[in-house]
Amino acid sequence: LTEALVGIRFLPGEKIIGNAKIGYQAVSFENKKDKNGNKYNDDPQVIGEVDVSYFFSERTTLNVFGGRSLNTSVTADNADDVSSSYMNTYGGVGVTQKIMNKFSLNIEYERNVEDYLDVSKGNDDKLLITNTLRGGFDYDINDWLDAGLTLSYKDKNSDNNQYEDDEYTVTQYGFYVELTY
């Protein structure tokens, strides 16, 4: 795996902060095909990431993010896998609202598209779309200790009935404690 990225951080004013990266990524495979006969894609791809936050006030922040990267198939060990790699493109938006000085609420939506490359002959194009909704409640106990509750709902669907086995829905609840030193 080879990646080369160039990026910038920007702070054009008191209300906006962000960063952006652009570059290329290539995977150099030793073989021309995987064990299922799927062609490996050695072609370099343009990749990038962006993350911008806008501070409406001291207590309210809007965050917009996105990116694109090349990934190898996570199902390559399955005999019915139809591609060795996919282009992952994602984007989302989130809002954080501080309540008093120690608490904050956050909500975030992310859409992720996995576009499988060089799908083997006899199979339809494979496109998997994941929609994720996350929310949480954070408590800033002191400078070095935070705690919170999180909820995440993720729904993954295929654009084609051939890939129904790749579809799923997951709901996660969590509690965390974070120590910073």
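Shown above is the structure to which this text applies.
Because the structure is a prediction, the values reported are computed rather than measured.

Procedures and definitions
- Residues numbered from 1 in each chain as written.
- Predicted model: local features only at pLDDT ≥ 70, side-chain atom pairs only at ≥ 80, totals over all residues.
- Heavy atoms only, no water.
- Helix = DSSP H or I, 4+ residues; strand = E, 2+ residues; numbered from the N terminus.
- Buried < 20%, exposed > 50% of the residue type's maximum accessible area, 1.4 Å probe, protein only.
- Contact = heavy atoms within 4.5 Å.
- Salt bridge = Lys/Arg side-chain N within 4 Å of Asp/Glu carboxyl O.
- Patch = residues over 30% accessible without salt bridge, like charges linked within 9 Å, V, L, I, M, F, W, Y side chains within 5 Å.
- Areas by Shrake-Rupley, 256 points an atom, 1.4 Å probe, with all protein chains shown as cover.

Trainee: I'm lost on the overall build of the protein chain in this one. Help?
Mentor: If you tally the helices and strands in the protein chain, you get 0 helices and 9 strands. Listed N to C, the secondary structure of the protein chain is β-β-β-β-β-β-β-β-β in terms of helices and strands. Per-residue burial over the protein chain gives 31% buried out of 181 residues. Sequence separation of 24 or more characterises 50% of the internal contacts of the protein chain that already satisfy a separation of 6 or more.

Trainee: Help me understand the pattern of salt bridges in this model?
Mentor: When the charged atoms of two side chains with opposite charge come close together, those side chains can pair. The tally for this structure, following the rule as stated, stands at 4 salt bridges. Of the charged contacts in the structure, one is a salt bridge between glutamate 49 and lysine 21, with a shortest N-O distance of 3.7 Å. Taken together, the positions of glutamate 49 in strand S3 (residues 45-55) and lysine 21 in strand S2 (residues 16-26) put the pair 28 residues apart, joining distant regions of the chain. Its relative accessible area of 38% is what places glutamate 49 among the partly exposed residues. Put simply, Glu108, Glu110 and Arg134 are held in one network by salt bridges that share partners.

Trainee: Would you explain a nonpolar patch on the surface in this entry?
Mentor: Taken together, the side chains of Ile99, Met100, Leu105, Phe137, Tyr139, Trp144, Leu149, Phe175, Val177 and Leu179 present a nonpolar region at the surface, about 1000 Å² in accessible area. At the level of elements, strand S7 (127-142) and strand S9 (168-179) are the ones that each hand at least two residues to the nonpolar patch. By secondary structure assignment, the location of leucine 149 is in strand S8 (residues 145-158). Given the relative accessible area of 48%, leucine 149 is considered partly exposed.

By themselves, these are just geometric observations and shouldn't be taken as functional.
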